[in-house]
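Residue-level structural notes
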Amino acid sequence: ARAAELKKQLAAQAAQAAAAARAKALQQRMAEAKAKLQAEANMAAARAQQASENQRMIGMLINTIKTQVSERWVPVSSSALACEIQIRLGPQGQLIGTPVVIRSSGDAHFDHLVIAAVEAAAPFVPPIGLPYSAFNTPINLKMNAEDLNHG
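Quick caveat: nothing in here was measured; it's all calculated off a predicted structure.

**Brief notes about the nonpolar core**
By size, the foremost hydrophobic cluster in this structure holds 28 residues, and its most contacted members are Val-69, Ile-85, Ile-87, Leu-89, Val-114 and Phe-124. Looking at this core, the elements with two or more residues in it are helix H1 (2-71), strand S1 (82-87), helix H2 (108-121), helix H3 (132-135), strand S3 (139-144) and helix H4 (145-150). The leading source of residues in this core is H2, at 6 residues. With residues near it in sequence (within four places) discarded, Val-114 still touches Trp-73, Cys-83, Ile-85, Met-143 and Leu-148.

Set out below in structure tokens:
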């Protein structure tokens, strides 16, 4: 009877130890999962912050392009003209291909003058820290005569 009782106690202790080990393993897996989720959240926040910073720097690049173009601009009489062109830049800010008018001003001569001024103003130096992957897609520029005429 005593042996049976001891055997029963040992079995109970073994079951308790096994349950404690499972609980500890489960806690460890939960801690690892929590750490992984936190790391993923941190990475997502860092990517979002980098994307926001890239957008800010692309805005700076566009302003730089417009400033350089206005320095090459020959004023026109009608300040109501505006067009939108699309350009592609290489890694050092050089134009890739010819700028394309994607929304005409309705005045082919004005559109041509905008393209000529953009080509004359190139290359456009990207801001330091802006990776090429952030601006290697087409860039759309809204160009209007009033801004260009006044630099």
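**Remarks on the pairing of S1**
Here S1 pairs with S3 via 6 bridges, running antiparallel. Looking at the pairing, Glu-84 lines up with Lys-142 of S3. In this structure, S1 lies alongside strand S2 (residues 100-103), joined through 3 bridges in antiparallel fashion. Looking at S2, one finds that Ile-85 is bridged to Val-101.

**Considerations on the sheet that holds S3**
Sheet architecture is open: 3 strands sit in the order S2-S1-S3, paired in antiparallel fashion. Only two strands of the sheet have a single partner each, and these edge strands are S2 and S3. The mean inter-strand angle of the sheet, taken between neighbouring strand axes irrespective of direction, is 35°. Contacting S1 and S3, H1 crosses the sheet at an angle of about 45° to S3. With respect to the sheet, H2 is in contact with S1, S2 and S3, its orientation differing from that of S1 by roughly 40°.

**Brief notes about the side chain of Gln-68**
By the secondary structure assignment, Gln-68 is in helix H1. Among the polar contacts listed, one links the side chain of Gln-68 to the backbone oxygen of Ala-121, at a separation of 2.9 Å. Leaving out residues up to four positions away in the same chain, Gln-68 has contacts with Ala-121, Pro-123, Phe-124 and Val-125.

**Focus on the confidence of the model for the chain**
On average, residues of the chain score 92 in pLDDT, and 99% of them are at 70 or above. Averaged over each element, pLDDT in the chain is lowest for H4 (84) and highest for S2 (97).

**Quick notes on H1**
Given a rise of 1.5 Å per residue, 70 residues ought to cover 104 Å, and the 102 Å separating the end C-alpha atoms of H1 matches this to within 8%. All buried positions along H1 are accounted for by Asn-54, Met-57, Ile-58, Leu-61, Ile-65, Gln-68, Val-69 and Ser-70. Of the surrounding secondary structure, the elements contacted by the buried residues of H1 are S1, H2, H3, S3 and H4.

**Concerning the packing of aromatic side chains**
Evaluation of the coordinates by the stated rule reveals 2 aromatic pairs. Aromatic pair Trp-73 and Phe-110: ring centres 5.6 Å apart, planes at 75°, arrangement edge-to-face. Placement of the pair is Trp-73 in the loop between H1 and S1 and Phe-110 in helix H2, with a sequence separation of 37 residues. A ring pair is formed by Tyr-132 and Phe-135, whose centres lie 5.2 Å apart and whose planes are at 85°; its orientation type is edge-to-face. Taken together, the residues span about one helical turn, with Tyr-132 and Phe-135 both in helix H3 at a distance of 3 residues. Tyr-132 sits in the partly exposed class, given a relative accessible area of 30%. Owing to a relative accessible area of 2%, Phe-135 belongs among the buried residues under this scheme.

**So, the pattern of salt bridges**
What the rule picks out here adds up to 2 salt bridges. Glu-53 is paired through a salt bridge with Arg-56; the nearest N and O atoms lie 2.5 Å apart. Of the two residues, Glu-53 and Arg-56 are both situated in helix H1; the distance of 3 residues between them amounts to about one turn of the helix. Measuring nitrogen to oxygen at the nearest pair gives 3.7 Å for the salt bridge that ties Arg-103 to Glu-84. Taken together, the positions of Arg-103 in strand S2 and Glu-84 in strand S1 put the pair 19 residues apart, joining distant regions of the chain. Residue Arg-103 is classed as partly exposed on the basis of its relative accessible area of 41%. Residue classification places Glu-84 among the buried positions, given a relative accessible area of 12%.

Each value, and the rule that gives it
Residues numbered from 1 in each chain as written. Predicted model: local features only at pLDDT ≥ 70, side-chain atom pairs only at ≥ 80, totals over all residues. Heavy atoms only, no water. Core = buried A, V, L, I, M, F, W, Y, C linked by side-chain atoms within 4.5 Å. Buried < 20%, exposed > 50% of the residue type's maximum accessible area, 1.4 Å probe, protein only. Helix = DSSP H or I, 4+ residues; strand = E, 2+ residues; numbered from the N terminus. Contact = heavy atoms within 4.5 Å. Pairing = 2+ DSSP bridges. Axes fitted to C-alpha atoms, helices over the stretch in contact; angles between N-to-C directions. Polar contact = N/O pair within 3.5 Å; in protein donor to acceptor, adjacent residues only side chain to side chain. pLDDT = per-residue confidence, 0-100. Expected span 1.5 Å × (residues − 1). Phe/Tyr/Trp six-rings, centres within 6.5 Å; stacked < 30°, edge-to-face > 60°. Salt bridge = Lys/Arg side-chain N within 4 Å of Asp/Glu carboxyl O.

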